[in-house]
Amino acid sequence: MIWKLSLTGIKSRLKDYTVLFSGLVVASMIFYMFLSLAINPGFMSKDVNAPGQYLSFIFGFGIVLLAIITFVYLVYANSFLLSMRQHDYGMFMMLGAKSSEIGLLIFCETLMTGILATVLGIVIGFGLTAIVSKLVISSLGLQITHFQIILPNAIIWTLILFVAIFFLAALRNVHKLVRSKVIDLLHEDQKPIKLSRKNGLRVVETILGLALLAAGYYIMGMPASAIFFIIPAALVTIVAGSYFTFDSFFTLIINLLLKKKGFAYHGIRVFTLGQLKFRIRDYTRILSVISLLFALALGAITVGLNFNSLKDQAVKSSYYDATVMQNSPAVKKNMAKLDLKSKATYHYVENQKDLYFNQAELEKSPLKDIKFIQHGNNFPTYKPYTVKTKDLTNPNRYGNMLLGTMVGAGKKKINLVSADKLKTIKGQKKFVTLLTVKDFAKDYPTLMKLEKVQIAANPAMASALTGTKPFSYQMMLGFCSGFAFMGFFLGIAFLTMLASTLMFKVLSGAASDKVHYEMLYKIGSREKVLKKSIRSEIGVLFLLPSVLGVIDVLFGLRLFKALLPKPYMGIWLPFLIFIVLYFVYYAVTVKLYKNIVLKR
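Computed from a predicted model, the values in this text were never measured in an experiment. (Residues numbered from 1 in each chain as written. Predicted model: local features only at pLDDT ≥ 70, side-chain atom pairs only at ≥ 80, totals over all residues. Heavy atoms only, no water.)

Caption draft 1: Representation of the overall build of the protein chain. What the protein chain contains, in helices and strands, is 23 helices and seven strands. In the protein chain, which comprises 600 residues, the proportion classed as buried is 49%. Here the contacts in the protein chain between residues at least 6 apart in sequence split such that 81% fall between residues at least 24 apart. As displayed, the protein chain offers around 29800 Å² of accessible surface, 66% of which is attributable to carbon and sulfur atoms. (Helix = DSSP H or I, 4+ residues; strand = E, 2+ residues; numbered from the N terminus. Buried < 20%, exposed > 50% of the residue type's maximum accessible area, 1.4 Å probe, protein only. Contact = heavy atoms within 4.5 Å. Areas by Shrake-Rupley, 256 points an atom, 1.4 Å probe, with all protein chains shown as cover.)

Listed below in structure tokens is the structure:
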């Protein structure tokens, strides 16, 4: 009988359960997507070329952060489930149901809902991961070739995490509802909320919150050399500042608006402002967390996509585009395909101890290189310069090391002689040709083939040729593509789950608000006016953390000036994703909230 009543109750709230179920599916799907990204062995070792310990820290931090967000999200989703069902459970107990029966019912409902949502989320995650990965890879031109969609380890760990969370949630629900009095379950939504009226304390808290935010933004503009001070100091000041700002500043603004009778008593604005005052005081913690993690989400997408710009820096950091040390038909064939900008050939003789170069060739076409110029806390710039000929024979000068590295000669002594004398010196007669092309990105595939053909023909040349620009560009391409991909996935995961968390937080209080809207309707408020009030109230709750999060990320990106050439480049893309995704969740929340509180 109890199960029959439970199924009837679920059926009557099928739309609400569909939203809850879909939200849980999205949570498990996103967690699986990122976990499959983080523990992909081929992706980690081949597509992202970075030190193993560094990668482990980055991905480990991302997984822990995502797990925390997932837990917070599921707590509020579970609160939404309780708010829908607690009145029904109270009715069951009034009809004579035993506490043990109600407890078993609650436990099974919560756990089964979570398990079904998790399994469905993982299955959908397979397809969505495949689609999103292809779209991101193709649209950004990334070089991702070892990303696996279905990973048993990711499936197992996603199931373990979600089943554990729902098991704990089920126990919590049983403890809360079974031990509650029937009258409390039936009238939970009618309990009063206490508000502090100490305005003087609110003013002090507002000043402190804004001062802490300003201090945090100033700290993030300090030189990158103080990074070990910047991160903990900025974290403490901005977290505390955000909390105090939500707890006091916005409440003071609402109080000021309520005192302006010409504004407050137009329509039912006084009711809307009163609702917001209660909401913000109740939502201080969650709004603070959401604003901070929105900043992290936007920052992850922006910084991740900007890693792609480091490919251009790899091109600028080396002067010559390719090194040729052979004259085979395959080499000539590839050179013929290049759109050359310059070509310099140096002949030399190599013996056991020395290198002898034709001095006239080096004077006619001087050797060139790139100089790094550091501008304070900003990303360094690159400037080409001509290497002095006299520096080539001096072992203590950079030009000597540069020329020796180009020909793979190690520490052999470099000598400059005339063309006639070079003919008389005994040893291996060799040459090196240094090429530059008009468009490196266009000719990169051919340049790479050119270097690989030479290494295949003579593996001894690997030490000299693997350090050339095509190989450096290839390594940077994999590094940038991997982190751009990771940042995009992580940012989308944060945005989706945080918007979902706020949605369920708002909806979990909808049942208690229903009576307020019923009273307004009974005293003559039109439904059109009530809907406008709902849109305004929920709009402010969605807008406040997003505005503070945007401000946080705009100041926070200054931390990356020393790492990225243009940390703000392409910032419109994450902001566009943020606006579209956020608006969708706002519209869904408004629609569901209306269906609950305006249903007569």
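Next comes the rest of the write-up.
Caption draft 2: Geometry of a nonpolar patch on the surface. Taken together, the side chains of Leu543, Val547, Ile551, Leu554, Phe555 and Tyr568 define a hydrophobic patch exposed on the protein surface, amounting to about 460 Å² of accessible area. Mapped onto the secondary structure, Ile551 falls in helix α22 (residues 527-556). Under the relative-accessibility criterion, Ile551 is labelled partly exposed at 33%. (Patch = residues over 30% accessible without salt bridge, like charges linked within 9 Å, V, L, I, M, F, W, Y side chains within 5 Å. Salt bridge = Lys/Arg side-chain N within 4 Å of Asp/Glu carboxyl O.)

Caption draft 3: Main features of the packing of helix α9 (residues 227-259) against helix α11 (residues 269-282). One way to put it is that α9 packs onto α11 with a least axis distance of 10 Å and a crossing angle of 165 degrees. By the angle class used here, α9 and α11 are roughly antiparallel. Considering the relative orientation of α9 and α11, their crossing is left-handed. Mapping the contact onto sequence places Phe246, Asp247, Phe250, Thr251, Ile254, Asn255, Leu257 and Leu258 in α9 and Val270, Leu273, Leu276, Lys277, Ile280 and Arg281 in α11. For the contact of α9 with α11, the per-class residue count stands at nine nonpolar, two polar and three charged. (Axes fitted to C-alpha atoms, helices over the stretch in contact; angles between N-to-C directions. Parallel < 35°, antiparallel > 145°, perpendicular 65-115°, else oblique. Left-handed = near helix turned anticlockwise from the far one by under 90°. Nonpolar A, V, L, I, M, F, W, Y, C, P; charged D, E, K, R; others polar.)

Caption draft 4: Quick peek at the environment of Asp354. If you trace the backbone, Asp354 turns up in strand β3 (residues 354-358). According to the relative accessible area criterion, Asp354 is buried, its value standing at 17%. In the structure, Asp354 is positioned 58 residues away from Lys412 in sequence and 5.2 Å away in space, judged by C-alpha atoms. Setting aside its immediate chain neighbours within four residues, Asp354 contacts Val349, Lys413 and Asn415.

Caption draft 5: Representation of the side chain of Asp321 in the model. Mapped onto the secondary structure, Asp321 falls in the loop between α13 (310-316) and β1 (322-324). Asp321 gets classed as buried once you look at its relative accessible area, which sits at 4%. In terms of polar contacts, Asp321 uses its side chain to reach the backbone amide nitrogen of Val437, at 2.6 Å. A polar contact of 2.6 Å, which involves the side chain of Asp321, links it to the side chain of Lys469. Those residues in contact with Asp321 that sit more than four places away from it in its chain are Leu435, Thr436, Val437, Phe440, Leu447, Lys469 and Pro470. (Polar contact = N/O pair within 3.5 Å; in protein donor to acceptor, adjacent residues only side chain to side chain.)

Caption draft 6: Representation of a positive patch on the surface. On the surface, Arg269, Arg526, Lys528, Lys532 and Arg535 cluster together into a patch of positive charge. With three residues, α22 is the single largest residue contributor to the positive patch. Structurally, Lys532 can be placed in helix α22. The exposure class of Lys532 is exposed, given its relative accessible area of 52%. (Lys, Arg positive; Asp, Glu negative; His and termini not counted. Charge placed at Lys NZ, Arg CZ, Asp CG, Glu CD.)

Caption draft 7: Layout of the packing of α11 against α22. Close contact between α11 and α22 brings their axes to 10 Å; oriented N to C, the two are set at 35 degrees. Considering how the two elements wind past one another, α11 and α22 form a crossing that is right-handed. Across from Phe271, Thr272, Gln275, Leu276, Arg279 and Ile280 in α11, the residues of α22 making contact are Ser533, Ser536, Glu537, Val540, Leu541 and Leu544. Residues that form the contact of α11 with α22 fall into these classes: six nonpolar, four polar and two charged.

Caption draft 8: Quick peek at the packing of aromatic side chains. In total, this model carries 15 aromatic pairs according to the counting rule given. Between Tyr217 and Phe555 the ring centres are 4.3 Å apart and the planes differ by 10 degrees, which places this aromatic pair in the stacked class. Separated by 338 residues along the polypeptide, Tyr217 in helix α8 (residues 199-219) and Phe555 in helix α22 bring together distant segments of the chain. The exposure class assigned to Tyr217 is buried, which follows from its relative accessible area of 9%. Judged by centre distance (5.3 Å) and plane angle (45 degrees), the ring pair of Phe246 and Phe250 falls under tilted. Of this pair, Phe246 and Phe250 both sit in helix α9, separated by four residues, roughly a single helical turn. Take Phe246: its relative accessible area is 0%, and that puts it in the buried class. Pairwise contacts between aromatic rings join Phe294, Phe542, Phe578, Tyr582, Phe583 and Tyr586 into one cluster. The ring of Tyr385 carries the charged tip of Lys371 above its face, separated from the ring centre by 5.3 Å. For Lys469, the ring lying beneath its charged end belongs to Phe440, and the centroid distance is 5.3 Å. (Phe/Tyr/Trp six-rings, centres within 6.5 Å; stacked < 30°, edge-to-face > 60°. Lys NZ or Arg CZ within 6 Å of the ring centre and 35° of its normal.)

Caption draft 9: Structural detail: the pattern of salt bridges. For the structure shown, the criterion picks out six salt bridges. Between Lys430 and Glu350 there is a salt bridge, and its shortest N-O distance comes to 2.7 Å. You can see Lys430 sitting in strand β7 (residues 428-437) and its partner Glu350 sitting in strand β2 (residues 340-350), a full 80 residues away along the chain. The exposure class assigned to Glu350 is buried, which follows from its relative accessible area of 11%. The network of salt bridges with common partners includes Glu350, Lys412 and Lys430.

Caption draft 10: Here's a closer look at the side chain of Asn400. In this structure, Asn400 sits in helix α16 (residues 398-406). If sequence neighbours within four positions are ignored, Asn400 has contacts with Asp391, Leu392, Thr393, Asn394, Pro395 and Ile414.

Caption draft 11: Just the nonpolar core, in detail. Among the nonpolar cores identified, the biggest contains 97 residues, and Phe494, Tyr517, Ile534, Ile538, Tyr593 and Val597 are the most heavily contacted of them. Top contributing element to this core by residue count: helix α20 (residues 469-508), with 18 residues. With residues near it in sequence (within four places) discarded, Tyr517 still touches Phe271, Gln275, Leu530, Ser533, Ile534, Glu537, Tyr593, Val597 and Leu598. Core analysis: the next-biggest nonpolar cluster, separate from the first, contains 39 residues, Met335, Tyr348, Leu367 and Tyr444 among them. (Core = buried A, V, L, I, M, F, W, Y, C linked by side-chain atoms within 4.5 Å.)

Caption draft 12: Highlighting the sheet that holds strand β6 (residues 413-417). Within the open sheet, the five strands sit side by side as β1-β7-β2-β3-β6. Their pairing is mixed. In the strand order of this sheet, the two ends are held by β1 and β6, each with one partner. For this sheet, the mean inter-axis angle between neighbouring strands, taken without regard to orientation, is 30 degrees. Along the sheet, helix α18 (residues 440-457) makes contact with β1 and β7, crossing β1 at roughly 35 degrees. (Pairing = 2+ DSSP bridges.)

Caption draft 13: Region of interest: the environment of Lys353. Of note, Lys353 is situated in the loop between β2 and β3. Each C-alpha atom, one on Lys353 and one on Lys411, is 8.7 Å from the other, the two residues being 58 residues apart in sequence. Setting aside anything within four residues of it in sequence, one finds Lys353 in contact with Lys412 and Lys413.

Caption draft 14: Layout of α16. Considered for burial, the residues of α16 that qualify are Gly399, Asn400, Leu402, Leu403, Gly404 and Met406. Buried residues along α16 sit in contact with β1, β3, β4 (368-373), β6, β7 and α19 (462-465). Looking one or two residues beyond α16, the residue adopting positive phi is Gly408, at roughly 65 degrees.

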